[in-house]
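Each chain is listed here by its residues.
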Amino acid sequence: MNGTGLLRRVAPQLLTLAAVLALVTVFFPSFLSVGLSGDRLVGSPIDVLKRGAPVALLAIGMTLVIATRGIDLSVGAIMAICGASAAFAVDQGWSLGVAVLLALGAGLLCGLWNGFLVAVLGIQPIVATLILMVAGRGIAQLITEGQILTFSDAGFAFLGSGAVLGLPVPAWAWILAGIVVGLVVRRTALGLLIESVGVNLRASRLAGVNSTVLLLTVYMISGLCAALAGLIVTGDIRGADANNAGLWLELDAILAVAIGGTSLLGGRFSILASLIGAMIIQSINTGILLAGFPPEFNLVIKAILVLLILMLQSPRLGDVAAGLLARRRRADETGAAPRPVQEAGR
Amino acid sequence: MLLHARGLTKRFPGTVALDNVEFGLAAGEVHALLGENGAGKSTLIKCLTGAYRRDGGEILLDGRAVDPQSTAHAQELGIGTVYQEVNLLPNLTVAENLTLGRQPRRLGLVSRRAMRSLAREMLDGYGLSIDVDRDLGAYSVAVQQIIAIARAVHLSGKVLILDEPTASLDAREVALLFDVVRGLRERGLGIVFVSHFLDQVFAISDRITVLRNGRHVATTEAASLDRVRLINLMLGRELAEETSHNHGRREAGAELLRAEGLGRRGRITPFDLTIRSGEVIGMAGLLGSGRTETAEVLFGATAPDSGTVRDAKGPLDLSTPARAIAAGFGFAPEDRKTDGIIGDLTVRENIALALQAHRGWARPIPRAEQRRMADEYIRRLDIRTPGAEKPVGLLSGGNQQKVILARWLAMNPRFLILDEPTRGIDVGAHAEVLRLINEMVSSGMSLLVISSELEELVAVSDRVIVVRDRRHVAELAGQAITTEAIVNAIAAPEAKQEARA
Amino acid sequence: MNLRRLPLYVTIAIFVLAFLLCWLQFPRILSTRVVGNLLTDNAYLGIAAVGMTLVILSGGIDLSVGSVIAFSGVFIAVLLRDTGMHPLAAFALLLMVTTAFGAAQGALIHGLAMPAFIVTLAGMFLARGIAYLLTLDSIPIDHPFFETLQRAYWLMPGKGRFTLLGAVMLLAVAGGMLLAHRTRFGTNVFALGGGEATARMMGVPIGQTTVLIYAFSGFMAGLAGIVFAVYTAAGYPLATVGVELNAIAAVVIGGTLLSGGSGTVLGTLFGVLTMGLIQTYIVFDGTLSSWWTKIVIGLLLFLFIVLQKGLLTIGAARRAA
Amino acid sequence: QVVGFSQIGSESGWRAAETTVTQQEAEARGIDLQFSDAQQKQENQIAAVRSFVAQGVDAILLAPVVATGWDAVLEEAKEAEIPVVLLDRMVDSDPSLYLTAVGSDLVHEGEVAGQWLAEQVGEEPCRVVELQGTTGSSPAIDRAQGFRNGIEGHANIEIVQSQTGDFTRAQGKTVMEAFLQAENGGADICALYAHNDDMAVGAIQAIKEAGLKPGEDILVVSIDAVPDIFQAMAAGEANATVELTPNMAGPAFDALQAYWDNGTEPEKFIQTESKLYTQADDPQGEYDRRKGLGY
Ligand SMILES: Nc1ncnc2c1ncn2[C@@H]1O[C@H](COP(=O)(O)OP(=O)(O)OP(=O)(O)O)[C@@H](O)[C@H]1O
Ligand SMILES: Nc1ncnc2c1ncn2[C@@H]1O[C@H](COP(=O)(O)OP(=O)(O)OP(=O)(O)O)[C@@H](O)[C@H]1O
Ligand SMILES: [Mg+2]
Ligand SMILES: [Mg+2]
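A quick note: this is a predicted structure, and the numbers were derived from the prediction, not measured. (Residues numbered from 1 in each chain as written. Chains lettered and ligands numbered in written order. Predicted model: local features only at pLDDT ≥ 70, side-chain atom pairs only at ≥ 80, totals over all residues. Heavy atoms only, no water.)

Residues and elements named next belong to chain B. Taken together, six strands build an open sheet; the order of strands is E18-E19-E20-E15-E21-E22 and the sheet is mixed. Both edges of this open sheet fall to strand E18 (329-332) and strand E22 (471-477), since each of them pairs with a single strand only. Taking each pair of neighbouring strands and ignoring which way they run, the sheet shows an average axis angle of 20 degrees. Sheet analysis places strand E21 (residues 463-468) next to E22, joined by six bridges and oriented antiparallel. Residue pairing across strands places arginine 468 opposite arginine 471, the latter belonging to E22. The strands touched by helix H9 (residues 291-299) within the sheet are strand E15 (280-285), E18, strand E19 (415-419), strand E20 (446-450), E21 and E22, with E18 carrying the most contacts at an inclination of about 145 degrees. Each of E18 and E19 is contacted by helix H14 (residues 397-411), which is oriented at about 180 degrees to E18, the strand it contacts most. (Pairing = 2+ DSSP bridges. Helix = DSSP H or I, 4+ residues; strand = E, 2+ residues; numbered from the N terminus. Axes fitted to C-alpha atoms, helices over the stretch in contact; angles between N-to-C directions. Contact = heavy atoms within 4.5 Å.)

A word on the domain arrangement of chain B. All names here are of chain B. Domain assignment breaks chain B into domain 1 (3-91 + 135-235), domain 2 (243-328 + 413-501) and domain 3 (342-412). In this structure, domain 1 and domain 3 have C-alpha centres spaced 29 Å apart. Summed over both sides, the interface between domain 1 and domain 3 buries roughly 590 Å², with carbon and sulfur atoms accounting for 33% of that surface. Linking domain 1 to domain 3 there are three residue pairs in polar contact (both at pLDDT 80 or more). Considered class by class, the residues forming the side of domain 1 that touches domain 3 number one nonpolar, six polar and two charged. (Domains from an automatic or database assignment. Buried area = accessible area lost by both parts, 1.4 Å probe. Polar contact = N/O pair within 3.5 Å; in protein donor to acceptor, adjacent residues only side chain to side chain. Nonpolar A, V, L, I, M, F, W, Y, C, P; charged D, E, K, R; others polar.)

With that out of the way, let us pick up the pattern of salt bridges. Counting across every chain of the model gives 63 salt bridges over all chains. For Arg215(B), the salt bridge is made with Asp19(B), and the minimal N-O distance between the two is 3.1 Å. With a gap of 196 residues between them, Arg215(B) in strand E12 (residues 215-221) and Asp19(B) in strand E2 (residues 15-25) connect regions that are remote in the sequence. The partly exposed category is assigned to Asp19(B), whose relative accessible area is 29%. Of the charged contacts in the structure, one is a salt bridge between Arg169(D) and Asp198(D), with a shortest N-O distance of 3.7 Å. Taken together, the residues span a long stretch of sequence, with Arg169(D) in helix H6 (residues 169-182) and Asp198(D) in helix H7 (residues 197-209) at a distance of 29 residues. Residue classification places Asp198(D) among the buried residues on the basis of a relative accessible area of 6%. What emerges from the salt-bridge pattern is a single network uniting Glu369(B), Arg372(B), Glu376(B), Arg380(B), Glu432(B), Arg435(B) and Glu439(B). (Salt bridge = Lys/Arg side-chain N within 4 Å of Asp/Glu carboxyl O. Buried < 20%, exposed > 50% of the residue type's maximum accessible area, 1.4 Å probe, protein only.)

Moving on: the UniProt feature "domain: ABC transporter" (unreviewed entry) in chain B. Residues annotated in UniProt with the feature "domain: ABC transporter" (unreviewed entry) correspond here to residues 3-238 and 251-494 of chain B. Taken end to end, residues 3-238 of chain B has its terminal C-alpha atoms 32 Å apart, with 33% of it in helix and 28% in strand. (UniProt positions renumbered as here; feature names shortened; annotations may be inferred.)

All names here are of chain D. The phi dihedral of glutamine 39 falls on the positive side, at around 50 degrees, and the residue is not glycine. Within the secondary structure, glutamine 39 sits in the loop between strand E2 (32-37) and helix H2 (42-55). Taking the relative accessible area as the measure of exposure, glutamine 39 reaches 18% and is therefore buried. Phi at aspartate 282 takes a positive value of approximately 50 degrees, unusual for a residue other than glycine. When you line up the elements, aspartate 282 lands in the loop between strand E12 (276-278) and helix H10 (283-290).

The next subject is the site of ligand 1. Residue and element names in this part refer to chain B. Close contacts around ligand 1 come from 21 residues, with Gly38, Ser42, Thr43, Ser396 and Gly398 the closest. Here an oxygen atom of ligand 1 sits 2.6 Å away from a polar atom, N or O, in the side chain of serine 42. At a separation of 2.5 Å, an oxygen atom of ligand 1 approaches a polar side-chain atom of threonine 43. Starting from 640 Å² of accessible surface for ligand 1 in isolation, the protein chains cover 93%. Those elements that provide at least two residues to the shell around ligand 1 are E2, helix H1 (41-48) and H14. The dominant element in the shell around ligand 1, judged by the number of residues it contributes, is H1, at three residues. Residue composition of the shell around ligand 1, by class: six nonpolar, eleven polar and four charged. A domain split of the shell around ligand 1 shows at least three residues from each of domain 1 (3-91 + 135-235) and domain 3 (342-412). (Near = heavy atom within 4 Å. Areas by Shrake-Rupley, 256 points an atom, 1.4 Å probe, with all protein chains shown as cover.)

Structure representation (structure tokens):
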């Protein structure tokens, strides 16, 4: 996709983001202000970039998984496993490098397991990943023995709360991961093959696409992204909280992908759009916190905003509106009230 | 006029599919609707039956303006339709598919017994002996096609529309279908018939309407037209030469492949097959005789459980399509909707897909190269599309078929299997495809062509293999390849023919 | 035997086999008490899963059921606390509300062509959010009628209780079976699951069917909410978190394909019972730590699904041969 | 003796510690403990208790996830003559349905924290931010109420922000960051009250990252007394915590033993102490003492 094509693709998401930011600013006027404290940038926008990191990272992998017509419910649990592994390693006195490698390895392994269930055993993605979603948290707790495994390794903490060139490390993490994965899938044929498998698995196989390897790869990338997210949240609170790390984040990641306009039925995808989607969700979350409503309103506000966003982005909305208009007009003309008709195909 | 469409217009982004089209159907007539691939036949039918919302024009049924809002609405109005792509549900039983929406009920609950007997009744007269309680998906495309016809016939109180119903049927089924259609005509129904088989068109239709590029070109009595004039009307130009018989034109080359005892239990009885380079092998048989299975086993789409395939260098691994492709095989499947096209991807991507998959993900085909390939095949195969970046799912049926052919031509395999390659392709393109087949073969490619159209087989094949009951039963070669010989071989179970030139 | 029934038979066979294995290890599992508990304790799940089965058969998914169950409890509790309404009237009102909620989800899914996953995810947030707005506390229900409902059981030989709640679930399953397998609507649901575009071309009223499916799921979730409210005699906004995932798992273990178009309601009952059995087994074992509990549940889930897959493949191959 | 223990889950370090301690206490007394983890779900707990009844255990320990909804199952246990002891949280059923309840008074905990703060700030105006527990959970409701009781009558103390941190460290930190943003970079905040220590520990990091000194610029008071908060207190980053002892099982087993031996009916509520720890109470020592308990 060339520059303008890309821009056109993500325009709805950018507009939505702008709208959400504007809305939050109404409730919390200083929302958009960014300042410099010492050598790091501070302010709500920076918080959004930072706090949105786990969901953004998960959304990268999730986008690819969803593009193959799959879904990965286990990413939250994988975050917990990887965070726990890294904290365990640091706790054992191993070096940070070993800890990070261990976490990434664990993420890859989890992805391999999911991919194996989906691609080789042919289990449906929701159920296949549900298994790890349930068991994974147990595995993470097994590693931490149910405690919050704390550590004081400054390097590890830096992953979660440090800053480079003024920007928090987590923000760098998802931006870089997004660029790397985005380049890899678009500069190679990976993206095309993923989309093709997502649209029509059978036909792709008959055209010689090695769907098994492709699915394995995609779930492994998702596992890897979850591992990064796990490292970040663990580093951030200097402890591995096996029970709560990444809890229900898979849902936010899926939402981000959906807001990013990638069909849950597989096919065409855009990582950039998903990342903007993640930022939209995080802006809502941060906005709710800043606006100071009582917590019992959180869920309702989020639900309504998300629904609104998705409705506005729905391509059908135009049709329905047109249909309603046409109905009124034709009703005026003929007194009949025809129903709107949809085009075949999706 | 039973059904009358005036000034029908339908636009898609980048295309005007119907431009002010006029179409009239009288009661008690069979009205053929003809035109090249992409001329707008299917679109016209979809507008008539509420599947598409038209952009302009009006529709009169029995002189009253109607406005079908959905296919269900059209059904209520007494219009039964078989759409071009088989539109049945593979996960429902045959009986459920046939009766969907009007299952017989008792006390508000569907009565299975009544449904079953209704379904059997509906299938009466089509020569099918199938279990109506099995899932539809268990049956071949051809069987499904017949079931779709039976359903539409049952639904059609006034009008029956058939969009390429005979594309995958063989002569026997076509004859049966025509009997049914004549019966309906007697009863005063109006029947719209779309086909690219001109012989069939002349055999059944009373009047003919020709569309070209979304415009109405002519409506005439069938009797007043001959084949050549009809083709000229459709194409808007002369067609040089339709088909050419090729017997004795080629010298078979060296042996390319040899399959021995290849088979899979429950699918196809083990068979032997040798293929020479530069040779076209035709494969004939009735529905469900095992032709597609033969192709699938050869291509690794279903893994064989016995036998080997070897070439001059040694045994080949054909356990998956990817491996078969690596061994230089190609396979254009029969069911293009589920096995062929990747609907949401563009024409360019669909054409490049097999080659790209073969090269591996790490070596992308440069975009410019893909464009060049796509443009070349769009030109060579005359694929009607606004451009290479159109999603292939939005192309007309025949043009989708051409895209799949292009995908495999771009691979340049040494052995290509074509399962019903001309299904749904118009006369002009048909000639083009046959010419291409000849061209490929003269450049040394070997082909296995599966077709229900015996003339086509006779025209292209060097040898014809006849399949019956999942078993290869006869082989014809050279001058012995005639339609009669093939028909005899298919029909005569006892007399095993081993005719060789 | 029909090939499409195979998953059902496999599910039942696996359940019986699992029960036998449990019985070998813990003989007390084969008692009317455990059987009665299995029905009662999983009644709300079973009812919700029947609704979920239809949704999944149509190729959709309904993530809102857990929240709707919680909402139902709170709604009833608040109504009974703040008004003098009879519980039956409250039930009726609630069922109307949840059915309308489901229908609204269906309308959004169809009308705006939005994926069911996302719409019902928002529905899940919304239902729980509204429950929070109604109350943050857990509210006890001490209406005499509730006690009558709770005490309505038949004492089976061996002191097991066959409760009203269990009976309601069995009735719901029976009703679901009729609806899915013996009505035109049911066939339309399967048709939708087989392919929306095709179903539309065949004249299935897509919009109406979609709305009805989610309305039915909302109704069943409401009914499950009533059962849960009776079961606990309380309304609690934090109740039944994640029940939708259990329901989905039960439906899938019951042999229904998540991609839609294939499955049975009866299978779902056995899926629910299988899930209940896993839980009972773990309690009887009593040695698993918190984390091993999760791991073992995951492993057993895996085992069931793989076993099912294996048996199905073998069965299908047998028939093809 | 076989005792079934239906635990809520393992959602926090404190909960894990309670499980460990219960197991240790059972082992020390030679009791065979049947453990069941309900993963925060009441429905699982009800099913577990009924399974215990079906199994015929000698007693049941129940740490109820929520106060309501236990009548039917407790009655069933009573009919089967199995004594039930409630741990750390109460139920609203009739007291005749259970033997006794061991626990602390959640409202009281909040009061202790509130009173400490009131005493600490004296007449100075003080803007407090509050990190609540999981919305709708009984500790969140009671500890919020208790704290408000505790600062009752001190008009100088005002709760200016209140959000849920879900009892977790990560959310504690996230929400605290938002509070700091909303309150002029933290300059306007005088104290933080967190419904549990985990959220406080997360919030302390957020305060530090914002360039402020927790414990000095912002007072930190929380509840539970898990080891990590003592570490923070030792470092001067937290000011006070109210203990909720994880040893609920000890008193419970004692009561059960007496009941088994000679049918002694214990009191209906055995309250554990809600002790306040401040920086003066040897936090380092407390940390070392608690570290092994499986928090
Ligand atoms: N849904 C759609 N969106 C966009 N373009 C479409 C769509 N359906 C059809 N078209 C275009 O409309 C034109 C007419 O297509 P149609 O399917 O009616 O042709 P046809 O005459 O039936 O051809 P064939 O013989 O190949 O079936 C084609 O150019 C096709 O690309
Ligand atoms: N007339 C029939 N009666 C019963 N079953 C049939 C019939 N025709 C096909 N089938 C079933 O359909 C399945 C698929 O057939 P298949 O497509 O392989 O046949 P084919 O030789 O390729 O024929 P064609 O390509 O003409 O459809 C077979 O398993 C067969 O059992
Ligand atoms: Mg067509
Ligand atoms: Mg075939």
